[in-house]
Amino acid sequence: MEELFSVIGNAAFAASILRVTTPILLAALGAAVASQAGCLNMGLEGIMLFSALTGVFVSSLTGSAVWGSWAGLAAGVLIGGALGALLGYLVLTLKTDATLAGVALNTIGSNGTVFLLYVWTGSSGISSSHKSFVLPDLEIPLLKDIPVLGTIFSGQNVVTYLAFALVLALIFFLYKTPLGLRIRAVGLNPDAADSVGINVVRMRYLAYILSGVLAGIGGAYMSMGYVSWFARDMTSGRGFIALAASAMGRSTPVGTTVASLLFGFTMALSNSMQTLSIPYELVEAVPYACTIVALSVYAYHQVRKSKKARK
Amino acid sequence: MSTGKEGKKRGLLHDTASRFEVIRMVVAILIGAAITAVVIFAVSETPLESLRCMFFGPIERVRYLFNVLELMVPLIFTGVAISVVFSAKQFNLAAEGIFFFGGMVAAVTAIALKLPKGLHAAVCVLLAALLGGLLGALPGLLKYKWNASELVISLMLNYVCFSMSMYVIKNYFRDKNAGAIVSYVFEETAPMTKLVAKYRLTTGGALLAVAACVLLYFFLYKTRWGFAIRSAGENMNFTRYAGLPVAFAVIGSQAISGVVAGIGGAVEMLSMYTRFQWTMLTGYGWDGVIVAIFAKNNPKYVPLAAGFLAWLRIGADIMLRRTGVQMEIVKVIQAIIIVLLVAESFLAKTRHKMVVKEATAEAAGAKEVA
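Remember, predicted model here, so these are calculated numbers, not experimental data.

Draft legend 1. How the structure looks around the overall build of chain B. When helices and strands are counted, chain B shows 14 helices and zero strands. Secondary structure elements of chain B occur, N-terminal to C-terminal, as α-α-α-α-α-α-α-α-α-α-α-α-α-α. For 370 residues, the compact-globule estimate of 2.2 N^0.38 gives 21 Å, and the C-alpha radius of gyration of chain B, at 23 Å, lies within 12% of that figure. Based on the C-alpha atoms only, the size of chain B along its principal axes is roughly 85 × 60 × 35 Å. Per-residue burial over chain B gives 53% buried out of 370 residues. Counted over contacts in chain B with a minimum sequence separation of 6, partners at least 24 positions apart contribute 73%. For chain B, the exposed surface amounts to about 16,600 Å²; the carbon and sulfur share of it is 67%.

Okay, structure coming up:
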C-alpha cells in the first residue's frame, strides 16, 4: 500500500495522468458534441483506429521529421471528420440504428485497419517497420523551471495542450455562438428547433462531423504522441470509455473533462501499478471496473435526484 | 405486420413486406460480394483464384465442411445470445466477454474436478451457464434499477471478463512446463465426444447448439415471458401498461443471453481444445451481433445466418492460406452488409414501388369484380 502511495504522490504520476487522459478526453468531447445534438456516436473506437493508422501512414509517407507528423495529424483529422460524416449519413439519411451503425463502423475500423496495415507493411500487427514521426512535446518557458508544477504541466505533448484548449473552445462554441445554440436546441427538442426554422438534419450532420474530428485528433495522438507506431486495436476500448465519460459528464464540456480525468487517473494508475508486485491482469482490469462502478454510482445518483425532484 | 392473420388486405401487404425483406437481403449480400471482388482484384495477384477459394473453397474437402460446422457452433450460441437481448432492444454486448469467461470456467472445472465421463462435461457447462447468467444479469439489473447504460457497462464488462479469466488461468492453472501461456491439460473425462472421430465437431456441442435455437425460439415466440421480451423491444410503455413483466424483459433477457453465451464458451472449450490456450478475446460476441441481425433476432433463423457467416470465414481462411489475402477483409465486408440490412431507408423507394404496385393491382381487381 505504501508503495502505491509513493507512486501516486509523485509529480511524474500527475504528468502521466494528463498524458493518458488526452485521447480519452478528445474522444469524450466528440461523444459530448454528438450527444448535445441528440445523437449517439458509437463509432468513436473505429474512427480513432482509422485516424491513428492514417496519421502514421501519412507522416511516414512524407519522410519529414519537421512537418511529417503535422501532415499526419491533419490527415487523421480529415479521416475522422469524413468517418463522422459517413456515420451521419448512415444514421440520419439511411436511418440506420445508431448503435448498430456504430458497431459496424467499429468492426470496419478494427479489421479494416489491420487489412490496410498488412497491405502497407506486410505485418498485421504493428507498423514499426516503417519509420513514422511523433508530434513534438512543448516545453513551456518559466513554467518548466518551477519544481513540481513544471514536471506536471510542462513538456507535455502538443496534442495534450490542444485537447484542453479544445475544451475551452467547445465551451465557447456551444454556449456563446448561434451555431452552438442551434446544435443544443436540436438536442433538447428537435421539433421545437424545426418549428423555428433550424435544419435539424444539417445540425446533426455537423455534430457527427465535429465528433469525428475530435475523435480523429485523439486517434492521431495515439499513434503519433502516446506511442510512435500503429498497432492493431491499439485504442483498446478508449472509444467506449469516452462514451462513459460523456454520459457521466452529462455531455457538458466541463463535466466530460472531469470524468475523463477520472478515467485517465485509473488508467495511469494501472500503468504505474504494473511496476509493483500486483498481478498484471488485475491491474489491467482497473480502468474498466472503475468505469462500471463510476457509471453505476452516477446512474444511482441521477435516479435519487429525479425522485427527490418529484417530491 | 407481425402476423399474417389480420385479414386478406394486411396479409397481402405482409407478403409484399417479407418479399421486400428477402430482396433487400439479397441486394445487400450482392453489394457485399461486389465490394469483396473489387478489393480482392486490387490486392491479390491471383484474384480469380482468391475469389474461388473464398466462395467455393469450403466444398472442396470434407474437412473444410466440418470446419464450417465446427465454426457454426460458437456462432450459433453467441447469435442466439444477442438475438435474445436485441429482441428486447437491450444493447447488452457482454456476450463477447462472457463467452471467454465461460470457456475459462469450463477449463478450470475440467482441470480441477474428477468426475465420470459425461457428467464432467455437464458440470462444466452448467457452471459456465450459471456464472454467465449472473454476469449477463448485472448490466440488466443496473439498467432496470438505475437506468445505467447497459451498452457501456457490458462493453466494460468484456474487458473485465477477459482480464479476470487470464488472471485465474495464469496464476492458478498455468502449466509452467509448456512454453506458451496455457493451462494444464484437462482431465480425460471432461472433453466432449467427437461426432466423427477425425473431426473436432462434438455430439454434445451440436445438440446443445440446436437445442439453444429451438428452445429459445419457442420461448421467445410461444410463451408469455417471451412475448414480454419482444413487446418490450417494440414499445416499453405498452409492455408496462399491459401489465407484462417489464423487470423480466429487461433483466431476464440479459441474464438468458449471458447463460447462452456462457454455455457457448464452455462448449467451444470442451470441443476444440484439450487445455485453455486463448490469449485474446475470441470475437465471437461481435460475430453474434452480425448473426443476430442476419437472423432478424429470431433464433429460428440463427443456424442459417451462422452457417452463412461460417462459410465465408472458412472460405476466407482457405483464401489466406492459398493466396495470402488477409481474412480481415471478410469482416469489413460483413459490416458493410450489416449496415445495408439495418438501414431503414436502403431501397426504400423499391419498397414503396412494390407496395404501390400491389395496391394498384388489388384496386384493379376489385373494380373488375364490381
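Draft legend 2. Up close: the pattern of salt bridges. All names here are of chain B. As enumerated under the stated definition, the model contains 12 salt bridges over all chains in all. Residue Asp317 pairs with Arg321 through a salt bridge whose shortest N-O separation is 3.3 Å. Here Asp317 pairs with Arg321, and both are found in helix H12 (residues 302-323), just four residues apart, close to one helical turn.

Draft legend 3. Molecular detail of the packing of aromatic side chains. By the definition in use, this model includes 21 aromatic pairs over all chains. An angle of 15° between the planes, with centres 6.5 Å apart, marks the rings of A:Phe240 and B:Trp286 as stacked. In this pair, A:Phe240 sits in helix H11 (residues 238-248) while B:Trp286 sits in helix H11 (residues 284-294), so the two residues belong to two different chains. Under the relative-accessibility criterion, B:Trp286 is labelled partly exposed at 25%. Taking the centre distance of 5.2 Å and the plane angle of 70° together, the rings of B:Phe86 and B:Phe91 count as edge-to-face. Overall, the relative accessible area of 8% leaves B:Phe86 in the buried class. Taken together through their ring pairs, the aromatic side chains of B:Phe99, B:Phe100, B:Phe162, B:Tyr273, B:Phe276, B:Trp278 and B:Tyr284 make up a single cluster.

Draft legend 4. Structural view of the confidence of the model for chain B. Of the residues in chain B, 96% have a pLDDT of 70 or more, and the chain-wide mean is 89. At the level of chain-chain contacts, confidence expressed as ipTM amounts to 0.82, with global pTM at 0.87.

Cut-offs and rules
Residues numbered from 1 in each chain as written. Chains lettered and ligands numbered in written order. Predicted model: local features only at pLDDT ≥ 70, side-chain atom pairs only at ≥ 80, totals over all residues. Heavy atoms only, no water. Helix = DSSP H or I, 4+ residues; strand = E, 2+ residues; numbered from the N terminus. Rg over C-alpha atoms; globule rule 2.2 N^0.38 Å. Buried < 20%, exposed > 50% of the residue type's maximum accessible area, 1.4 Å probe, protein only. Contact = heavy atoms within 4.5 Å. Areas by Shrake-Rupley, 256 points an atom, 1.4 Å probe, with all protein chains shown as cover. Salt bridge = Lys/Arg side-chain N within 4 Å of Asp/Glu carboxyl O. Phe/Tyr/Trp six-rings, centres within 6.5 Å; stacked < 30°, edge-to-face > 60°. pLDDT = per-residue confidence, 0-100.

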